[in-house]
Amino acid sequence: MKRAIRLWCAALAAVALAALAALSVPTPASAAALTEVTSFGTNPSNLRMYLYVPDRVAARPGLVVAVHYCTGSGPAMHSGTQFAALADRYGYIVVYPSVTRSSQCFDVSSPQALRRGGGSDPVGIMSMVDYVRQRYPVDPARIFATGISSGAMMTNVLLGLYPDVFAAGAAFAGVPFGCFATTNGSEWNSECANGQLTRTPQQWGDLVRNAYPGYSGKRPRMQTWHGTNDEILRYPNFGEQIKQWTNVHGLSQTPTFTDTPQAGYTRTRYGGSGGQAPVEAISMQGVSHNLPVDAAQALRFFGLDSTPPSSPPPTSTPSPTITPTTPPPTTPSPSGTGCRVGYAVNAWNTGLTAEVTITNTGATAVNGWSLAFTLPGGQTITNGWNATYSPTSGAVTARNVAYNGTIAPNGSVSIGFQANHTGNTGRPASFTLNGTACSVA
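Reference entry: report on the structure contained in this document. Worth saying up front: this structure is predicted, and the values here are computed from it rather than measured.

### Regarding helix 8 (residues 236–248)
For helix 8, spanning 13 residues, the distance from its first C-alpha to its last is 19 Å, which sits close to the expected 18 Å at 1.5 Å a residue. A large share of helix 8 lies buried, amounting to 10 of its 13 residues. Of all the residues in helix 8, the buried ones are Asn237, Phe238, Glu240, Gln241, Ile242, Gln244, Trp245, Thr246, Asn247 and Val248.

### Describing the sheet that holds strand 17 (residues 380–385)
With mixed pairing, the five strands of this open sheet are ordered in space as 17-21-14-13-24. Each having just a single partner strand, strand 17 and strand 24 (439–440) make up the two edges of the open sheet. Taken together, the two bridges between strand 13 (residues 339–347) and strand 24 define a ladder with parallel strand orientation. Note that in strand 24 the partner of valine 341 across the bridge is valine 440.

### Some thoughts on helix 7 (residues 201–211)
Every buried residue belonging to helix 7 is among Pro201, Trp204, Gly205, Val208 and Ala211, and all of these are buried. The buried residues of helix 7 occupy an angular sector of 125 degrees when the element is viewed end-on, so they sit on one face. Against helix 5 (150–161) and helix 8 lie the buried residues of helix 7.

### A word on the packing of aromatic side chains
The geometry of an aromatic ring pair is captured by two quantities: the separation of the ring centres and the angle between the planes. Inspection of every chain in the model, using the stated rule, returns 11 aromatic pairs. Consider the rings of phenylalanine 301 and phenylalanine 302, whose centres lie 6.5 Å apart with planes at 55 degrees: the pair is tilted. Neither residue differs from the other here; phenylalanine 301 and phenylalanine 302 are each classed as buried. Positioned above the aromatic ring of tyrosine 212 is the side chain of arginine 116, whose terminal nitrogen or guanidinium carbon lies 3.9 Å from the ring centre. For the cation-ring pair, arginine 199 lies above tryptophan 204, with the distance from its terminal atom to the ring centre recorded as 5.0 Å.

### Considerations on unusual backbone geometry
In this chain, serine 390 is followed by proline 391 through a cis amide linkage whose omega measures -10 degrees. Looking at the secondary structure, you find proline 391 in the loop between strand 18 (388–390) and strand 19 (395–399). The backbone of threonine 71 shows a phi angle near 75 degrees, a positive value even though the residue is not glycine. You can see threonine 71 is positioned in the loop between strand 4 (63–67) and helix 2 (74–80). Within the chain, serine 120 stands out as a residue other than glycine whose phi angle is a positive 65 degrees. Relative to the helices and strands, serine 120 resides in helix 4 (residues 120–135).

About the cut-offs
- Residues numbered from 1 in each chain as written.
- Predicted model: local features only at pLDDT ≥ 70, side-chain atom pairs only at ≥ 80, totals over all residues.
- Heavy atoms only, no water.
- Helix = DSSP H or I, 4+ residues; strand = E, 2+ residues; numbered from the N terminus.
- Expected span 1.5 Å × (residues − 1).
- Buried < 20%, exposed > 50% of the residue type's maximum accessible area, 1.4 Å probe, protein only.
- Pairing = 2+ DSSP bridges.
- Arc of directions from axis to C-beta.
- Contact = heavy atoms within 4.5 Å.
- Phe/Tyr/Trp six-rings, centres within 6.5 Å; stacked < 30°, edge-to-face > 60°.
- Lys NZ or Arg CZ within 6 Å of the ring centre and 35° of its normal.

This is the structure:
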């Protein structure tokens, strides 16, 4: 068994160098650098965390977790793929987890790794995600995973365990969630690697569903890539992944769209014909495990391939977006006017983000506004957008900024903030806009 792992690692080491260099993206001049982060949170398997923050970060950046292959490392994944160069262009943030065990393979086999919150590598990776979310205003709807070989397996695992965190994944030469499972402590599953482990779509889907019992929310989209001549993780694993993720999404295994994006490539989409279908699969004729890693196409599938408004990254832990200035003049709501507030919370271990929508339900425009509310105990604002917030806890007032001070009749503005919490992730009980009580949606 150990010999099998050594042979696998040797093969991956040989093919990875060519695979990672297969595509190139012009790299703009940049002072940004890969940085190792220590003490990032719960880390049961002693992973290392590397972080890349571009010089210009989007106002609400996406987050990509890029997971390396066996024998690889976070720095090798950073230097050998284009995810960092594309981050310079599009303003998202990249986390590169790095294994310290001797095989340099991620744990996608143990019972702990295949159960939400069970331990091992997925828990450490989630701590990395939480670390970034606590320090940057990451868009909670734009968190993604991608990986190569062992990292592609981990991509399947992360999407299965944390469907409430990851919006989509891109797996390059991987296997389905649970395919590599073992109970004897081994990292290697020959039956899965050789493409001999086949299940029905329902059985594959149940493996994912049973990893997070009771979850009924939205499932992540999946993009999978595989070479027909893969000699390490055989090609039948491609079809088994399609079975699994179409079943998870409640879809037929019959594609709704098929094309040839380049010679020898067959791309099929399931559940939609557009570029962000629930499942997208690219079969690469004659390609071995040494497959090209098309980061640009992964980002296209994620929806991160556009240049958003950006801002310089913080040089340290961000301070709250609080401007100690005289409040702007406000126009109290005339008698008979009203307001409505929508408030959505996305929480994790010790932090949360709140998306707040303020709607003017009256017949008169509001020119200059302040929204007052009381945060539950233990919540402290660390960063905010589209408003200024003062103070950071307790009875808070959010005031408009220069570009959104007017709310037309039946119009809305959206604001938000990131906060730490000590266990209470609830929302304020009431809101007032310019002194007028609002209904809560």
